[in-house]
Amino acid sequence: MNRPYILILLLALLSAFPGYTQTYSPNWESLDSRPIPDWFQDAKLGIFIHWGPYSVPAWSPKGTYSEWYQYWMQNRTLFGNGKFTGTEVYDYHTQKYGPHFSYFNFGDMFTTQSFDADEWAELLSQSGAKYVVITTKHHDGFTLWPNKNASESRGYPWNSLDSGPKRDLIGELSEAMHKTSVKLGFYYSLYEWFHPWYLTDKEKYVNEYMHPQFKDLIERYQPDIAWGDGDWELEAEEWKTPELIAWLYNESSVKDKIVINDRWGKSTRNRHGGYYTAEYESGLNADHPWEACRGMGFSFGYNQNEDVQDYNSPQTLILLLTDAVSRGGNLLLDIGPDGNGKIPVIMQERLLQMGKWLKVNGEAIYGTRAWKRPVQWSAGEQDYKPDQHYLGGDFILKQTIDPEPGYAVKELFFTQKDDVLYAISPRWTGKEMIIKDYHPKPNATVTLLATGQKLNWKNRGKDMVIMLPEFDPNRLKPEMQYAYAFKIQ
């Protein structure tokens, strides 16, 4: 092989990986030019895990975040879905634990004695998720790994090795997840509500605490995702996150694989960083990689105050996933283990139910991209949404199978992959299914993924009409009836 040919080959290889062959400067124009790796847009489903000392009291009024327990209690305030006096958590805490019981005592009570990382990894694999994001440190500052900064800067034990667990929880989960094909990401809060340095000297907090702590986390465990949060107090320039991200992209051990979100300063969401995020919203659109995050109920952290009716049904979760994917996004669905390290049974059940549907219908989800139109609407007013601070998951039922009078429904969701179009119907439509304003090629084949059946079809005016087999619910397992995926090739 001659030298000019080798040079051309090397240049071609380098051009195939444009995000990993340049040095990034600590400014958004440069940082935003780094491409999002394809694996993230192919993954579609991630599992969020909120776990920490707040998982011990595990209580807040319905419609609120229980992981904010310390903030609600100490500030005697509350917001979420509902009307509150603001003292609900404070009143609960003083009645149950007494007026002099500090939140920091929950660090010792957070024993995690039932935590089995391999069991978690197996369950998460069976859910059909392609990545997991765990809260390595929430706004209370407790780290789930043996970070000395967390304890030494405070003057008392406040990490998982020095306090209750006496374990490196992130290390154990990392080792278990690396035995699977599921990628692992780390949520990290820039902000801590009551850290003494943050309250008195924010610059010292950023330079001597936050940056070294973040780098320690990354270099110890080498995650696939860095999921920033707690960004709203300061601008990115005050957090010095452009410098931190430049280090991540240029110098860190994960520079060639790391994916980040957009929460790195109070003006960066949906503008800068990596993929964009939506929290308890109906989602974004496909002009930039994005992810919707929400809990199975309303709280991210485990909330023992929530009942079965507060949890989204498996059909709701599948439709939420399908809705996000049809618009080019991902769903990051949260679970909240308890203080002992057990994932509540209802959450386990939902994960397994989703996994069974995805095992059969996943080709209509994984690796797909948005089609020219994400959905097919019926007649009527579109995009029904209830008036809620946090948009509950059942909005998708109102937009699909249980509409309010006068409102349209999403009859079909669409995704595409190469020369294949997928149509996903929230309901069985009878003897035929109509795709409006669409004519496939004459030799197109249609397959119902749930059964593998080839279906007949025809053109009727501007529309494609697919003839459906007689519906026999006994032929389909319950988890196959959450939504029906059709492959048009």
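An account of the accompanying structure is given in this report. Going along each chain's sequence as written, the residues are numbered from 1 onward. Note on the predicted model: pLDDT of at least 70 is required for a residue's local features to be given, and 80 or more for side-chain atom pairs to be given and counted; whole-chain, interface and lining totals, by contrast, use all residues. With hydrogens and water stripped out, all remaining heavy atoms of the structure feed into the side-chain values.

**Re the overall build of the protein**
Helix and strand labels come from DSSP, where a helix needs a run of H or I of at least four residues and a strand needs a run of E of at least two; each type is numbered from the N terminus. Within the protein, the regular secondary structure consists of 16 helices and 17 strands. A radius of gyration in this sense is built from C-alpha atoms; the matching globule rule multiplies 2.2 Å by the number of residues raised to 0.38. In summary, the protein has a C-alpha radius of gyration of 24 Å against a globular reference of 23 Å for 489 residues, a match within 12%. In the protein, which comprises 489 residues, the proportion classed as buried is 57%. Within the protein, contacts between residues separated by at least 24 positions form 71% of all contacts whose residues are at least 6 apart in sequence. Carbon and sulfur atoms make up 49% of the accessible area of the protein, which amounts to about 20500 Å² in all. In this tally, Lys and Arg are treated as positive and Asp and Glu as negative; His is ignored, and so are the chain termini. Lys charges are placed at NZ, Arg charges at CZ, Asp charges at CG and Glu charges at CD. Between the mean site of the 50 positive side-chain charges and the mean site of the 62 negative ones, the protein shows a separation of 6 Å. Burial classification: accessible surface area is computed with a 1.4 Å probe over protein chains only, and a residue below 20% of its type maximum counts as buried, one above 50% as exposed, and the rest as partly exposed. Note on contacts: a residue pair qualifies if any of its non-hydrogen atoms lie within 4.5 Å across the two residues. Throughout, the Shrake-Rupley method with a 1.4 Å probe supplies accessible areas, and for residues the shown protein chains are the sole cover considered.

**So, the sheet that holds strand 17 (residues 484-488)**
Across the sheet, 6 strands lie side by side as 9-10-11-17-13-14; this open sheet has antiparallel pairing. The outermost strands of the open sheet, each flanked by one partner alone, are strand 9 (375-377) and strand 14 (453-455). Across this sheet, the average inter-strand angle for adjacent strands is 25°, counted without regard to direction. Examined bridge by bridge, strand 9 and strand 10 (residues 410-417) share 3 bridges and lie antiparallel to one another. Bridged to Gln376 within strand 10 is Leu412. Strand pairing is assigned whenever DSSP detects at least two bridges linking the two strands. Here the axes come from fitting lines to C-alpha atoms, over the contacting stretch only for helices, and the angles between their N-to-C directions go from 0 to 180 degrees.

**Considerations on unusual backbone geometry**
The phi dihedral of Thr112 falls on the positive side, at around 55°, and the residue is not glycine. Along the polypeptide, Thr112 turns up in the loop between helix 6 (106-109) and helix 7 (117-126). Residue Lys240 is not a glycine yet carries a positive backbone phi of 60°. As for its position among the elements, Lys240 is in the loop between helix 12 (236-239) and helix 13 (241-250). We classify Lys240 as partly exposed; its relative accessible area is 26%.

**Brief notes about the nonpolar core**
The nonpolar core is taken to be a set of buried Ala, Val, Leu, Ile, Met, Phe, Trp, Tyr and Cys residues, with the residues joined through side-chain atoms within 4.5 Å. Membership of the largest hydrophobic core comes to 146 residues, with the highest contact counts inside it found for Ile134, Leu248, Ile435 and Ile466. Broken down by element, the residue count for this core peaks at 8 residues, all from helix 11 (residues 202-221). In contact with Ile134, other than residues within four places in its own chain, are Ile49, Trp51, Trp120, Leu144, Ile170, Leu173, Leu184, Gly185, Phe186 and Tyr187.

**A look at the pairing of strand 16 (residues 463-467)**
As paired strands, strand 12 (residues 432-435) and strand 16 are joined by 4 bridges and run antiparallel to one another. Following the sheet pairing, Met433 is matched in strand 16 by Ile466. By the bridge criterion, 4 bridges tie strand 15 (residues 457-460) to strand 16 in an arrangement that is antiparallel. In the sheet register, Arg460 faces strand 16, and the bridge partner there is Asp463.

**A word on the packing of helix 7 against helix 15 (residues 345-361)**
Packing of helix 7 against helix 15 brings their axes to within 7 Å, and their N-to-C directions diverge by 40°. The angle between helix 7 and helix 15 falls in the class oblique. Each of Leu123, Leu124 and Gln126 in helix 7 lies in contact with helix 15, whose residues at this interface are Gln348, Leu351, Leu352 and Gly355. Any angle that is under 35 degrees is reported as roughly parallel, and any over 145 degrees as roughly antiparallel; angles of 65 to 115 degrees are reported as roughly perpendicular and all others as oblique.

**So, the sheet that holds strand 2 (residues 131-137)**
The pairing of strands in a sheet happens through backbone hydrogen bonds and is either parallel or antiparallel. One open sheet accounts for 8 strands, arranged 5-4-3-2-1-8-7-6; its pairing is parallel. Strands at the two margins of the open sheet, each flanked by one partner only, are strand 5 (259-260) and strand 6 (276-279). Of the pairings in the sheet, the one linking strand 3 (residues 183-189) to strand 4 (residues 225-229) comprises 5 bridges and is parallel in character. Paired with Ser189 across the strands is Asp229, a residue of strand 4.

**Digging into the packing of aromatic side chains**
Centre distance within 6.5 Å is the pairing criterion for rings of Phe, Tyr and Trp, where only the six-membered ring of Trp is used; planes under 30 degrees apart are then read as stacked, over 60 as edge-to-face, and the remainder as tilted. Evaluated as defined, the whole model comprises 58 aromatic pairs. For the pair Phe101 and Phe106, a centre-to-centre distance of 5.3 Å together with 55° between the ring planes defines the contact as tilted. Residues Phe110 and Phe142 carry aromatic rings whose centres are separated by 5.9 Å and whose planes lie at 85° to one another, so their mutual orientation is edge-to-face. Taken together, the residues span a long stretch of sequence, with Phe110 in the loop between helix 6 and helix 7 and Phe142 in the loop between strand 2 and helix 8 (148-152) at a distance of 32 residues. Like Phe142, Phe110 is buried. The residue whose ring lies beneath Arg76 is Tyr90, and the NZ or CZ to ring-centre distance is 3.7 Å. Counted as over-ring charges are cases with an Arg CZ or a Lys NZ within 6 Å of the ring centre that also lie within 35 degrees of the ring normal. The ring of Tyr366 has Lys130 lying over it, and the distance from NZ or CZ to the ring centre is 4.5 Å.

**Thoughts on the pattern of salt bridges**
By definition, a salt bridge exists where a carboxyl oxygen of Asp or Glu is found within 4 Å of a side-chain nitrogen of Lys or Arg. Tallied over the entire structure, the rule returns 22 salt bridges. Of the charged contacts in the structure, one is a salt bridge between Arg327 and Asp323, with a shortest N-O distance of 2.6 Å. For the pair formed by Arg327 and Asp323, the shared burial category is buried. A salt bridge links Lys398 to Asp402; its shortest N-O distance comes to 3.2 Å. A residue is classified by how much of its surface remains accessible, and Lys398, at 22% relative accessible area, is partly exposed. Residue classification places Asp402 among the partly exposed residues on the basis of a relative accessible area of 41%.

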